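Notes for the structure review
For reference, the chains in residue letters:
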Amino acid sequence: MKTRHVALGSHDPTIVTIQQHILQEQRKHSPHATGSFSWLLSGITLATKMTEARVRRAGLLDVIGEAGGVNIHAEKQQKLDVYADEALVHCLGVRENVAVIASEENEEAIMFDGRNGTGKYVVVFDPLDGSSNIDVNVSVGTIFSIFPLPPGFSTEDDEAMAVLQRGTQQLAAGYVVYGSSTIMVYTTGHGVHGFTLDPSIGAYVLSHEDIRMPEQGAYYSSNDAYWETFPEVYRDYLTFLRTGGMGRRYGLRYIGSLVADFHRTLLRGGVFLYPPTDKDPQGKLRLLYEANAVAFIAEQAGGFATDGRRRILEIEPTGIHQRTPLVVGGRSEMEQFQRFVQPDVTRLDGQEELSHALT
Ligand code: AHG
Ligand code: MN
Ligand code: MN
């Protein structure tokens, strides 16, 4: 029987799964890598596939509606939030290289015991973002960040110390949008890449290689119901965008799921804002498992993210669930925002800070 020799790589080159991509990235950028990171990431992709299956059948599986519990923010936990959280806790729990995790749905960080030194990574996540949209069939998502376990951290230490790291420490960050298709977008610090879940093979396949944010977009994205309580500088900036100050009148797109609003901003450009409001004077979004991942991805794609004063990635976290204002967008919109919030900063310095962040 004649054997057929298939030269490596002669298979269909258009199909690159996320696992292959991560291994290729690791070979390219950290040749000494042991594949341990891709083993970790496979835990996240598996958990999101489990959640995706539930999202697609939400109306049929009675996962809509409240699970009865409330999370630490006194927000009613919808069943899908709880399921998505349990999927991630389980899939990461069986990865011996994950030492500590933190989730929007759990008040405290969780340290997996019995790791005896194999734990190398910390994972923080929002298991289901945009949960208020589940039962009206609007896109929801999952957001995650991966950090190194701080050197010298021991099982006697408080696990919160392992998760309270600045965004610049992220090894990787990503999100999944359960939308018209299911797309995972991630970065390991070498560009931003998107993968679409192919249900026929149950794999995330490369669909958006090296995503770059457009220099300027056409939309701003904010919940204008809070207009009166936005700080004045935000209202001035948005009025500037709306009235053609940047050479065109911006439209408004706002879905109410950060992952969906950010994904559109990443691909089409523009700016997303969740400013301080009277209801949430510190902003509503959470620094650790929403803003940091979005900021890392935005900067890797040529954009920028700030809390109105500081680069998001440089904020020193003090609490797992701490909130932050978030303004994230393309270069033009963010440079213009910088002019509004720091008019006294001479352009050069401001430019340096921004350009430094945008390199
Ligand atoms: P989550 O469902 O994880 O609590 O996140 C919801 C967040 C975010 O997804 C979205 O941008 C924001 O809430 C919308 O808030 P408003 O409804 O106040 O606009
Ligand atoms: Mn969220
Ligand atoms: Mn959530």
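These lines cover the structure that appears in this document, whether it is placed above or below. Note that the coordinates shown come from a computational prediction; the quantities given were computed from them, not determined experimentally. (Residues numbered from 1 in each chain as written. Chains lettered and ligands numbered in written order. Predicted model: local features only at pLDDT ≥ 70, side-chain atom pairs only at ≥ 80, totals over all residues. Heavy atoms only, no water.)

Some remarks on unusual backbone geometry
- Backbone geometry places Asn 137, a non-glycine residue, at a positive phi of 60 degrees.
- One can find Asn 137 in the loop between strand 5 (121-129) and strand 6 (140-148).
- Under the relative-accessibility criterion, Asn 137 is labelled exposed at 75%. (Helix = DSSP H or I, 4+ residues; strand = E, 2+ residues; numbered from the N terminus. Buried < 20%, exposed > 50% of the residue type's maximum accessible area, 1.4 Å probe, protein only.)

Regarding the coordination of the manganese ion (ligand 2)
- Donor atoms from the polypeptide that bind the manganese ion (ligand 2) are Asp 126 (OD), Asp 129 (OD) and Glu 290 (OE), placed at 1.9 to 2.1 Å.
- In primary sequence terms, the donor set of the manganese ion (ligand 2) follows D-x2-D-x160-E.
- The distance between the manganese ion (ligand 2) and the manganese ion (ligand 3) is 3.7 Å, with Asp 126 acting as a donor to both metals. Per residue, the accessibility class of Asp 126 equals that of Asp 129, and both read buried. (Donors = N, O, S within 2.8 Å, 3.2 Å for Na, K, Ca; no water.)

Things to note about the packing of helix 6 (residues 258-268) against helix 7 (residues 287-300)
- Contact geometry of helix 6 with helix 7 gives a least axis separation of 11 Å together with a crossing angle of 10 degrees. With respect to each other, helix 6 and helix 7 are oriented roughly parallel. Facing Leu 258, Phe 262 and Leu 266 of helix 6, the residues of helix 7 in contact are Glu 290, Val 294, Ile 297 and Ala 298. (Axes fitted to C-alpha atoms, helices over the stretch in contact; angles between N-to-C directions. Parallel < 35°, antiparallel > 145°, perpendicular 65-115°, else oblique. Contact = heavy atoms within 4.5 Å.)

Observations concerning the sheet that holds strand 6
- The strand order across the open sheet formed by eight strands is 4-3-5-6-7-8-9-10, and the pairing between neighbours is mixed. Only two strands of the sheet have a single partner each, and these edge strands are strand 4 (110-111) and strand 10 (203-208).
- Relative to strand 10, strand 9 (residues 192-198) is paired through five bridges, and the arrangement is antiparallel. Note that in strand 10 the partner of Asp 198 across the bridge is Ala 203. (Pairing = 2+ DSSP bridges.)

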